[in-house]
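A closer look at the structure
For reference, the chains in residue letters:
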Amino acid sequence: MFTEYKNLPNNSRVWIYQADREFTENEINFISDKAEDFINQWTRHGDDLKGSFTIKYNQFLVLAVDESFNNVSGCSIDSSVRFIKELENELKLDLMDKMNITFKDNDNINLVKLSDFQRFAKEQKVTSDTIVFNNMVNTKADFENNWEIPAKESWHKRFLV
């Protein structure tokens, strides 16, 4: 059951998928239509899930579920992963590579392999104040408050000099 993202409670569970490139305007429309369709049929053992999505920086797709309405199950999470894989296939992009790291350089969003991020940290091209995207957050409140944070406040800090 689709609902507007802004109407979900702050304790809603989120999953963040970062693309290996920016979405085009047509792709954003396509993703939006597909995501709303998916959420409208998303269930947990036959019970509706109340969910939503948002797209940030034309590169991040965030799925969210209000678990105070119904908890997600392993099967419902599996169906969301299948949905993401279908998007990957249809749009020829990668949304699930956890070895990619994203960070900001002024207003630019940079996506690099973990090994490159480690090298940038050694070369001090990435510093403790570099804004990174902490895709490990798991609630709407955390997403809105702790997703874009300085590297020194994130799990990324282990790579800093």
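Residues numbered from 1 in each chain as written. Predicted model: local features only at pLDDT ≥ 70, side-chain atom pairs only at ≥ 80, totals over all residues. Heavy atoms only, no water.

Take helix α3 (residues 114–122) next. Side chains that are three or four residues apart share a direction in an α-helix, a result of its 3.6 residues per turn. Those residues of α3 that fall on the buried side of the exposure criterion are Leu 114, Phe 117, Phe 120 and Ala 121. Projection of α3 onto a plane perpendicular to its axis shows the buried side chains occupying an angular sector of 115°, all on one side. Residues of α3 that are buried sit in contact with β6 (100–105), β7 (108–113) and β8 (131–133). Gln 124, located one to two residues past α3, shows a positive phi value of around 60°. (Buried < 20%, exposed > 50% of the residue type's maximum accessible area, 1.4 Å probe, protein only. Helix = DSSP H or I, 4+ residues; strand = E, 2+ residues; numbered from the N terminus. Arc of directions from axis to C-beta. Contact = heavy atoms within 4.5 Å.)

Here the focus is the packing of aromatic side chains. Inspection of the entire model under this criterion finds 14 aromatic pairs. Relative to Phe 159, the ring of Trp 155 has its centre 6.2 Å away and its plane inclined at 80°; by these criteria the two rings are edge-to-face. A relative accessible area of 27% places Trp 155 in the partly exposed class. What links up through ring pairs into an aromatic cluster is the set Tyr 57, Phe 60, Phe 133, Phe 143 and Trp 147. (Phe/Tyr/Trp six-rings, centres within 6.5 Å; stacked < 30°, edge-to-face > 60°.)

Here we have three strands laid out as an open sheet, ordered β1-β5-β4, and antiparallel in their pairing. Of all the strands in the sheet, the pair left with one neighbour each is β1 (13–18) and β4 (51–56). When strand polarity is set aside, the average angle formed by the axes of neighbouring strands in this sheet is 20°. Alignment of β1 against strand β5 (residues 60–65), held across six bridges, turns out to be antiparallel. In the strand pairing of β5, Val 14 is matched with Ala 64. Taken strand by strand, helix α1 (residues 25–41) contacts β4 and β5, and its axis lies near 165° from that of β4. (Pairing = 2+ DSSP bridges. Axes fitted to C-alpha atoms, helices over the stretch in contact; angles between N-to-C directions.)

Attention shifts here to α1. Taking 1.5 Å of rise per residue, 17 residues should cover 24 Å, and α1 covers 25 Å from first to last C-alpha, within 8% of that figure. When α1 is considered as a whole, its buried residues turn out to be Glu 27, Ile 28, Ile 31, Ser 32, Ala 35, Phe 38 and Ile 39. Looking straight down α1, one finds that the buried residues subtend no more than 140° of arc, so they occupy a single side. Away from the buried face of α1 by more than 90 degrees, exposed residues Asn 26, Asp 33 and Asp 37 are located. (Expected span 1.5 Å × (residues − 1).)

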